[in-house]
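Results of the structural survey
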Amino acid sequence: MLAYQHAYHAGNFADVHKHLLLFATIDLLLRKDSAITFVDTHAGRGLYPLAAAQTQKLQEYQHGIAPLWRARESLAEHQPLLRDWLSALDEAQPGRRLETYPGSPWWLAKRLRAQDRLRLFELHPAEHEALAQQPLAPGIKRLREDGLQGLQRMLPVSTPRLGVLIDPSYEVKTDYTMVAETLIEAARKVRHAVLLIWYPLLPAGRHRQLLQQLKDSGLRKLWRSELTLAAPEHSSHGMYGSGMLVLNPPWGLSEDVTRAMQAIAPLLGEAASHRADWWVGE
Ligand code: SAM
């Protein structure tokens, strides 16, 4: 059952939250020379032209990346993270207009150095095929496999460091448990791994089960960032927020992301707010 296609949601507020945090993490990790293997367990197709029929159907980017793009000059003025992220986004545009929204493979591939590796897992045949067509560097592997199982099979990796993005569509309720189990197992195999998990904030509140499972596992150093557009009680249906957990966040991530999110939240909705804390501390 693979019904989800990210093109319907490309560039929405959750993408903005996820990719800004991913960008900030990569930026901090690459300040050290030692090689790193990046893994994207649920890669999607990589690049999303906003004019595509699927993206035009819901136009979620109109309440996500579009207002930030319009305000990019003032956002960039005061925030080095936003300046660099928006400038990278600019490089993905063929003209001066916002025409394309890049997915996680693009954000990861863009910064890859000669010593680093990147593995992209995508199970959906059409999404995988679209990803395979992207002009990425030759060493980047694109695998049509289950991303959670694929990650486990790869571990431990041969590079000194590991960075992982786990970004499923949570179409199946068991995804929450499987994500938690995968993170626990990956952290057991590679203790210093930096793992990022995205989760939706939905009225059913299933993300709480994922968070609790991780807390109960005894893991340490799990940082949480949540962007909410509305209070849960005011959202009878649909996603009211976007959450990210980072295991072993690089030093400085919390401050950089918090500052940037505080600047962009008002542009994403009148009631939008961001909070960050240690879900499990040291
Ligand atoms: N990470 C992407 C980004 O930020 O641009 C978006 C990913 S989207 C939320 C989730 C993707 O996971 C979909 O493209 C879906 O086809 C894919 N998928 C679903 N189940 C999967 C599995 N078991 N293994 C790998 N990919 C899967």
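Coordinates for the structure precede this section.
Scope of this entry: the structure provided in the associated data block. In this text, all values refer to a predicted model and were calculated from it rather than measured experimentally.

Definitions and cut-offs
Every chain begins its residue count from 1, and numbering advances along the sequence as written. For a predicted model such as this one, the threshold for reporting local features is a pLDDT of at least 70, and the threshold for listing and counting side-chain atom pairs is 80 or more; totals across whole chains, interfaces and linings nevertheless cover every residue. The basis for the side-chain values is all heavy atoms of the structure; hydrogens and waters are excluded. A 1.4 Å probe that fits into a set of points on a 1 Å grid over the protein atoms alone but cannot get out defines a cavity; an open set with protein on both sides within 12 Å along at least five of seven lines defines a pocket, and lining residues are those with an atom within 4 Å of a point. Grid points are joined across faces, edges and corners, and a volume is the space filled by probe spheres set on the points. Starting at the N terminus, helices and strands are each numbered in turn, a helix being any DSSP run of H or I of at least four residues and a strand any DSSP run of E of at least two. We call Asp, Glu, Lys and Arg charged. Ala, Val, Leu, Ile, Met, Phe, Trp, Tyr, Cys and Pro are nonpolar, and the rest, Gly among them, are polar. Convention adopted: a line fitted to C-alpha atoms gives each axis, helices being fitted over their contacting stretch, and angles between N-to-C directions are expressed from 0 to 180 degrees. Roughly parallel means an angle under 35 degrees; roughly antiparallel, over 145; roughly perpendicular, 65 to 115; everything else is oblique. Definitions for this section: a left-handed crossing has its near helix turned counterclockwise from the far helix by less than a right angle. A right-handed crossing has that turn clockwise. Every residue pair with non-hydrogen atoms within 4.5 Å of one another is taken to be in contact. In this analysis, the expected span of each helix is defined as 1.5 Å times one less than the number of residues it contains. The bend at a residue is defined as the angle formed between two axes, one fitted to the seven residues ending at that residue and one fitted to the seven starting there. Categorising residues by exposure relies on relative accessible area from a 1.4 Å probe, with only protein chains included: less than 20% of the type maximum marks a residue as buried, more than 50% marks it as exposed, and the intermediate range marks it as partly exposed. Only a single heavy atom is needed: when it lies within 4 Å of a molecule or strand, its residue is near that molecule or strand. Whenever two N or O atoms come within 3.5 Å, that pair is a polar contact, provided that in protein one can donate a hydrogen and the other can accept it, and provided that, for residues adjacent in sequence, both atoms are side-chain atoms. Per-residue and other accessible areas were derived by the Shrake-Rupley procedure at a 1.4 Å probe size, with only the shown protein chains allowed to occlude residues. Think of it this way: if more than half of a molecule's atoms are within 2 Å of a pocket's grid points, that molecule is in the pocket or cavity. Strands pair, by our definition, only if DSSP identifies at least two bridges between them.

Empty space within the largest pocket amounts to approximately 990 Å³. For the lining of the largest pocket, the secondary-structure elements that each account for two or more residues are helix 1 (13-29), helix 8 (147-154), helix 9 (175-189) and strand 7 (194-201). It is helix 1 that provides the largest number of residues to the lining of the largest pocket, a total of 5 residues. Residues of the lining of the largest pocket, tallied by class, amount to 20 nonpolar, 15 polar and 10 charged. Estimated volume of the second largest pocket: approximately 260 Å³. In terms of lining, the second largest pocket is formed by 13 residues, of which the most central are L29, K32, R161, P250 and W251. Class assignment of the residues belonging to the lining of the second largest pocket gives a composition of 7 nonpolar, 2 polar and 4 charged.

The next thing to look at is the packing of helix 1 against helix 11 (residues 253-268). Where helix 1 contacts helix 11, the two axes come as close as 10 Å, and the packing angle between them is 155°. In terms of orientation, helix 1 lies roughly antiparallel with respect to helix 11. Note on packing geometry: the crossing formed by helix 1 with helix 11 is right-handed. Touching F13, V16, H17, L20, L21, A24, T25 and L28 of helix 1 are L253, D256, V257, A260, M261, I264 and L268, all from helix 11.

Moving on, we get to helix 11. Taking 1.5 Å per residue, 16 residues should reach 22 Å; helix 11 reaches 21 Å between its end C-alpha atoms and fits that length. The largest bend in helix 11 comes to about 30°, at Q262, with the proline P266 one to four residues further on. Listed in full, the buried residues belonging to helix 11 are L253, V257, A260, M261, I264, A265 and L268.

Applying the stated rule across the entire model yields 1 cavity of 30 Å³ or more. The volume enclosed by the largest cavity comes to roughly 60 Å³. If you list the elements that add at least two residues to the lining of the largest cavity, you get helix 1, strand 1 (36-40), strand 6 (161-166) and strand 7. The element best represented in the lining of the largest cavity is helix 1, accounting for 4 residues. Class assignment for the residues of the lining of the largest cavity results in 10 nonpolar, 2 polar and no charged.

Close to the ligand lie 18 residues, the nearest being H19, H42, S104, E122 and D167. Between the ligand and S104 there is a distance of 2.8 Å, counted from a nitrogen atom to a side-chain nitrogen or oxygen. When isolated, the ligand has an accessible area of 600 Å², and the protein chains bury 94% of it. Given that more than half its atoms are within 2 Å of the pocket grid, the ligand belongs to the largest pocket. Of the residues contributing to the shell around the ligand, the split by class is 4 nonpolar, 9 polar and 5 charged.

Let us now look at the sheet that holds strand 6. Strand order in the open sheet formed by 8 strands is 5-4-1-6-7-9-8-10, and the pairing between neighbours is mixed. Each edge of the open sheet is held by one strand with a lone partner, namely strand 5 (141-143) and strand 10 (273-280). Within the sheet, the average angular offset between the axes of one strand and its neighbour, ignoring direction, is 15°. Across 4 bridges, the pairing between strand 1 and strand 4 (residues 117-121) is parallel.

It is worth spelling out the side chain of H19 at this point. Checked against the element boundaries, H19 lands in helix 1. Within polar-contact distance, the side chain of H19 engages the side chain of Y101 at 2.8 Å. At 3.5 Å, the side chain of H19 forms a polar contact with the backbone nitrogen of S104. Ignoring any residue separated from it by four or fewer positions in sequence, one finds H19 in contact with W85, Y101, P102, G103, S104 and W107.

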